[in-house]
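# Commentary on secondary and tertiary structure
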Number of protein chains: 4
Amino acid sequence: MQTLRPLPQYLVTRYHGWKATAYAENSAWYSRLATDGQRPRGMVISCCDSRVHVTSIFGADSGEFFIHRNIANLVPPYAPDGLQHGTSAAVEYAVQALKVAHLIVMGHTHCGGVAGCHAMCSGRAPELEEKTSFVGRWMDILRPGYDRVKDLPEDQQIPALEREAVLMSIENLMTFPFVRTAVETGQMSLHGLVHDIGQGTLMQAADGGKAWMAV
Amino acid sequence: MQTLRPLPQYLVTRYHGWKATAYAENSAWYSRLATDGQRPRGMVISCCDSRVHVTSIFGADSGEFFIHRNIANLVPPYAPDGLQHGTSAAVEYAVQALKVAHLIVMGHTHCGGVAGCHAMCSGRAPELEEKTSFVGRWMDILRPGYDRVKDLPEDQQIPALEREAVLMSIENLMTFPFVRTAVETGQMSLHGLVHDIGQGTLMQAADGGKAWMAV
Amino acid sequence: MQTLRPLPQYLVTRYHGWKATAYAENSAWYSRLATDGQRPRGMVISCCDSRVHVTSIFGADSGEFFIHRNIANLVPPYAPDGLQHGTSAAVEYAVQALKVAHLIVMGHTHCGGVAGCHAMCSGRAPELEEKTSFVGRWMDILRPGYDRVKDLPEDQQIPALEREAVLMSIENLMTFPFVRTAVETGQMSLHGLVHDIGQGTLMQAADGGKAWMAV
Amino acid sequence: MQTLRPLPQYLVTRYHGWKATAYAENSAWYSRLATDGQRPRGMVISCCDSRVHVTSIFGADSGEFFIHRNIANLVPPYAPDGLQHGTSAAVEYAVQALKVAHLIVMGHTHCGGVAGCHAMCSGRAPELEEKTSFVGRWMDILRPGYDRVKDLPEDQQIPALEREAVLMSIENLMTFPFVRTAVETGQMSLHGLVHDIGQGTLMQAADGGKAWMAV
């Protein structure tokens, strides 16, 4: 396939810098992780957004978090229909194979996916309603969240929808039998967060999702 | 929903440490990114594996990479069937909305998903063949890759399959019309990498995927 | 000596996070402790095990506990033979220089040292019996404890030996004249605990060690 | 043994606070660590001093560090003589059984043990020279360090000796064959630090110990 191109030089240079410093300092631990396997303490589901990096804000190093990133950190409802479900596969692997202790869904402010969902649900983004729109069909997961915020004052709707994205994902996670069992037996705890990427602040869902408190 | 738990204290402490140091040092840039929007230069599709962190090995800071992470860094073929396709949505957003200049698929050694696919295809993991197995059905994407490696000596098959996962994802990406157009008009370049998580080395696909060379 | 390496970056980052938060909030107290000297209320002897942290479970802050950690929280019998005895030195300093009010020996479940001692005493770990085995020779301290548990049902022996490790250490502490004097004059009290690291529970020795009760 | 007393009420209360909060939040992880065993990334040798807590300054949580604490964070030279050597046993366990990736020796300012050694070596602490002084005989390990600092201006000697304590421990560690092998094969890296407990700063040994640089 003639499309493959060499890695841009700026990334080659950065990689070699990492190899000579961080890799060299930690080679013993990285080799160990490769040989012994990963045992991450938690799974994080966060957005693909380039401004959101869970490993940074939680000072996590290699081996600590199993991370699934998709548009708007959404988890669809449990659907064991034999079709391909990437997010469901990631959750299944984390819970059943890795047996993570914590499953964190982290949303964020200024989320393009959430803004797109809001536009779509309020009829201002016909292109997202097309059958062929992958982003539109993915954001369908969040439609019930839109219904919960659409009667709020206009300027509060998108921030509220960013929080609903997290709450919906947590609710949908609980429709997975293996997630429910892991939570009910104390094998795993669920956490919902929203990170304000401009202010650097972090809020967490409390009281069953009815309240949000600063971390 | 009574399942929500407060964030574990060790993560709260680490977050506050980040807020007081990295965030404080860069607040001007982070505020700007929030207000102006993200403009990542590249998209990376990598694995959820806790030992793989693209932002580390490429020294990438906030705003640089739009990152989608799933099991075994796979991209399914283009399927505009109106169903929910998370990976396809992420690619669509990166190419059409963000217009990234580079799309990198990065695989890695010791990949649990690839090992699972190999076991499944060689008949040694009946549980992954069940209709209800999300991991199994997700790894179906890689079945054509297994056919390409199954006649190699036994000990070479899984490493070869880790490379095929990357090549298949690149081939599947090219079945998306908007990806093909972006590549053919020179708006975007595609790159395939495999990272050895124990040795720290990085190989890139060259010559249409027929060769792999050290970065 | 060419062996010294820079501190791994993830620890540098975490340290700076601590400096900017916990240290900054408490700098007045820490400066004071540095200038005035430490005056810990208690000494704790606990295991090196990474899963046992006395400062966590007792919410202890800087300046509260003088902590000696060794394999299996053992204290050897008093032996003023002019040789180097690290544990004895720590106890001597705590009792005579710091005059701590409480001396707590805290054992724990799933103790690798205790399991090693059990294997060694039951003839299943010849490598620990070698003269050159430091772990083996250190665990010799606990041999009398093995004699007390070896007739119990097999599955009760190791948990019983974990408790004996604590009781033996307390008995050995009382062979130190300065410990005996501090206890008999009411200057210091001795306490024996076993922490279940999985369940989070804490048991304390009572009735001269014949009974263990939940804290 | 009538000496055992119930735990002081203030610690009982603190423990129950921990059990209801930190333990409850992390019970899944703690149970997992108990069942699967510890896999700490590093070993730290630090002082018993109540003002030094490695887990705090490095934001480490349960399972991260295997910690040996003794007077003045000293490691004696390798002496496989069949006698009991607690520090040597801790190092042997960390390197051979746990195969830690990093071994950090962390000294600190205002160290009572180091001050005692200085007083002893300069003839101002005859009680520490007695055969029966455990602290004195333990601090004999550092006598060679005193020789290296005794010609410095008086007010620089103790801080210099605090640094020598770390360097000597690292040199002594390298006399252990299994430590030397682990370092030379890249299985483990050695690090030397001195923490200023009043200022909160951290220095690390560089250039084979000839220089100290701020972390």
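These numbers were taken from a predicted model, which means no experiment stands behind them.

In this section: the overall build of chain A. Tallying secondary structure elements over chain A gives 9 helices and 6 strands in all. Taking the principal axes of the C-alpha coordinates as reference, chain A spans close to 55 × 50 × 40 Å. Per-residue burial over chain A gives 66% buried out of 215 residues. For chain A, long-range pairs separated by at least 24 residues make up 61% of all intrachain contacts whose partners lie at least 6 apart in sequence.

Our next topic: unusual backbone geometry. Even without being a glycine, H110 of chain C presents a positive backbone phi close to 60°. Mapped onto the elements, H110 of chain C comes out in the loop between β3 (102-108) and α4 (112-121). Although it is not a glycine, N73 of chain D adopts a positive phi angle of roughly 45°. Take N73 of chain D: it is sitting in the loop between β2 (65-70) and α3 (86-97).

As a further point, take the pairing of strand β3 (residues 102-108) of chain A. Residue and element names in this part refer to chain A. Burial of β3 is extensive: 7 of the 7 residues sit out of reach of the surface. Here β3 shows no split at all, with H102, I104, M106 and H108 on one side and L103, V105 and G107 on the other all buried. Relative to β3, strand β1 (residues 42-47) runs parallel, the two being bridged by 5 bridges. Within the sheet, the bridge partner assigned to I45 lies in β3 and is V105. Relative to strand β4 (residues 189-195), β3 runs parallel, the two being bridged by 7 bridges.

Applying the stated criterion across every chain yields a total of 40 aromatic pairs over all chains. The interplanar angle of 75° and the centroid separation of 5.7 Å between the aromatic rings of F134 of chain A and Y78 of chain B together place this pair among those described as edge-to-face. Note that F134 of chain A is positioned in helix α6 (residues 134-139) and Y78 of chain B in the loop between β2 (65-70) and α3 (86-97), a pairing that runs across two chains. On the basis of relative accessibility, which here comes to 28%, the residue Y78 of chain B falls in the partly exposed class. With 5.7 Å between their ring centres and 50° between their planes, F176 of chain C and F134 of chain D make a pair best called tilted. Placement of the pair is F176 of chain C in the loop between α8 (154-173) and α9 (177-184) and F134 of chain D in helix α6 (residues 134-139), with the two residues belonging to separate chains. Overall, the relative accessible area of 0% leaves F176 of chain C in the buried class. Taken together, Y15, W18, Y23 and Y30 of chain A form an aromatic cluster joined through their ring pairs. Its end group placed over the ring of Y10 of chain A, R41 of chain B keeps NZ or CZ at 3.7 Å from the ring centre.

Turning to the confidence of the model for chain A, a few remarks are in order. Close reading of the predicted structure is inappropriate where its pLDDT is low. Confidence along chain A averages 93 in pLDDT terms, with 99% of residues attaining 70 or more. Across the interfaces of the predicted complex, the ipTM metric reaches 0.95, alongside a pTM of 0.87.

A word on the side chain of H53 of chain B. In this fold, H53 of chain B is placed in the loop between β1 (42-47) and α2 (54-57). At 3.2 Å, the side chain of H53 of chain B and the side chain of R69 of chain B are in polar contact. The contacts of H53 of chain B, once residues within four sequence positions are left out, are T55, D61, S62, F65 and I67 of chain A together with R69 of chain B.

Because the α-helix completes a turn every 3.6 residues, residues three or four places apart line up on one side. Residues and elements named next belong to chain B. With 8 of its 10 residues buried, helix α4 (residues 112-121) lies for the most part within the structure. Among the residues of α4, those classed as buried are G113, V114, G116, C117, H118, A119, M120 and C121. On its buried side, α4 packs onto α5 (126-129), α6 (134-139), α7 (143-149) and α8 (154-173). At the C-terminal side of α4, G123 shows a positive phi close to 75°.

Residue and element names in this part refer to chain C. Tracing the backbone shows T175 in the loop between α8 and α9. Residues T175 and D49 lie 126 residues apart in sequence; the distance between their C-alpha atoms is 26 Å. Other than its neighbours up to four places away in sequence, T175 contacts P77 and Y78.

Take the UniProt feature "binding site: Zn(2+)" (unreviewed entry) in chain A next. As recorded in UniProt, the sites labelled "binding site: Zn(2+)" (unreviewed entry) are C47, D49, H108 and C111 of chain A. For the annotated residues, spread through 65 residues, the largest C-alpha to C-alpha distance comes to 8.9 Å, consistent with a single compact locus. Here D49 of chain A lies in the loop between β1 and α2 (54-57). Taking relative accessible area as the criterion, D49 of chain A reaches 2% and is therefore assigned buried. Here D49 of chain A is in contact with R69, H108 and H110 of chain A together with Q38 and F66 of chain B, once residues within four sequence places are set aside. Of the residues examined, H108 of chain A reaches a relative accessible area of 1% and is grouped as buried.

Least-squares fitting of chain A to chain B yields an RMSD of 0.1 Å, with the transformation described by 0.0 Å of translation along the axis and a rotation of 180°. Taken together, these values place the two copies in the relation of a two-fold axis. Relative to the rotation axis, the closest C-alpha in chain A is found at R69 of chain A, a distance of 2.4 Å. Looking at the interface residues of chain A, 100% of them are also at the interface in chain B, so both copies use one shared face.

This part takes up the packing of helix α3 (residues 86-97) of chain A against helix α9 (residues 177-184) of chain A. Residue and element names in this part refer to chain A. Between α3 and α9, whose axes approach to 10 Å, the crossing angle comes to 40°. Between α3 and α9 lies a crossing whose hand is left-handed. Contacts from V91, E92, V95 and Q96 in α3 reach F178, V179 and A182 in α9. The residue makeup of the contact of α3 with α9, split by class, is 5 nonpolar, 1 polar and 1 charged.

One frequent convention defines the size of an interface as the accessible area lost when the parts assemble. Parsing chain A into structural domains produces domain 1 (1-37) and domain 2 (40-214). Spacing between the C-alpha centres of domain 1 of chain A and domain 2 of chain A amounts to 29 Å.

On the chain B side, the residues contacting the 99 residues of chain A number 99 residues. Together chain A and chain B conceal approximately 8,500 Å² of surface at their shared face, both sides included; 64% is due to carbon and sulfur atoms. At the surface where chain A touches chain B, the tally comes to 2 salt bridges. Run the count over chain A and chain B and you get 44 residue pairs in polar contact (both at pLDDT 80 or more). Top element by residues in the side of chain A that touches chain B is helix α1 (residues 9-36) of chain A. It accounts for 13 residues. Here the residues of the side of chain A that touches chain B are counted per class, giving 48 nonpolar, 36 polar and 15 charged.

This next bit is on helix α3 (residues 86-97) of chain C. Residues and elements named next belong to chain C. The end-to-end C-alpha distance of α3 is 16 Å, a good match for the 16 Å that 12 residues give at a rise of 1.5 Å each. With respect to burial, α3 is a largely interior element, 10 of its 12 residues being buried. Turning to α3, its buried residues number three or more, namely G86, T87, S88, A89, A90, V91, E92, Y93, A94 and V95. Once α3 ends, the next one or two residues include K99, with phi positive near 50°.

With that settled, the discussion passes to the relation of the copies chain C and chain D. For the match of chain C to chain D, the screw axis carries a shift of 0.0 Å, the RMSD comes to 0.1 Å, and the turn is 180°. Interface overlap between copies is the fraction of interface residues in one copy that are interface residues in the other; for chain C against chain D it reaches 100%, indicating a shared surface.

Residues and elements named next belong to chain B. Structurally, T87 can be placed in helix α3. A sequence separation of 69 residues divides T87 from W18, and the C-alpha atoms of the two residues are 30 Å apart. In this structure, T87 is in contact with H68, N70, L74, V75, P76 and W138, ignoring residues within four places of it in sequence.

Cut-off values and rules
Residues numbered from 1 in each chain as written. Chains lettered and ligands numbered in written order. Predicted model: local features only at pLDDT ≥ 70, side-chain atom pairs only at ≥ 80, totals over all residues. Heavy atoms only, no water. Helix = DSSP H or I, 4+ residues; strand = E, 2+ residues; numbered from the N terminus. Buried < 20%, exposed > 50% of the residue type's maximum accessible area, 1.4 Å probe, protein only. Contact = heavy atoms within 4.5 Å. Pairing = 2+ DSSP bridges. Phe/Tyr/Trp six-rings, centres within 6.5 Å; stacked < 30°, edge-to-face > 60°. Lys NZ or Arg CZ within 6 Å of the ring centre and 35° of its normal. pLDDT = per-residue confidence, 0-100. Polar contact = N/O pair within 3.5 Å; in protein donor to acceptor, adjacent residues only side chain to side chain. UniProt positions renumbered as here; feature names shortened; annotations may be inferred. Least-squares fit on C-alpha atoms with pLDDT ≥ 70 in both. Axes fitted to C-alpha atoms, helices over the stretch in contact; angles between N-to-C directions. Left-handed = near helix turned anticlockwise from the far one by under 90°. Nonpolar A, V, L, I, M, F, W, Y, C, P; charged D, E, K, R; others polar. Domains from an automatic or database assignment. Buried area = accessible area lost by both parts, 1.4 Å probe. Salt bridge = Lys/Arg side-chain N within 4 Å of Asp/Glu carboxyl O. Expected span 1.5 Å × (residues − 1).

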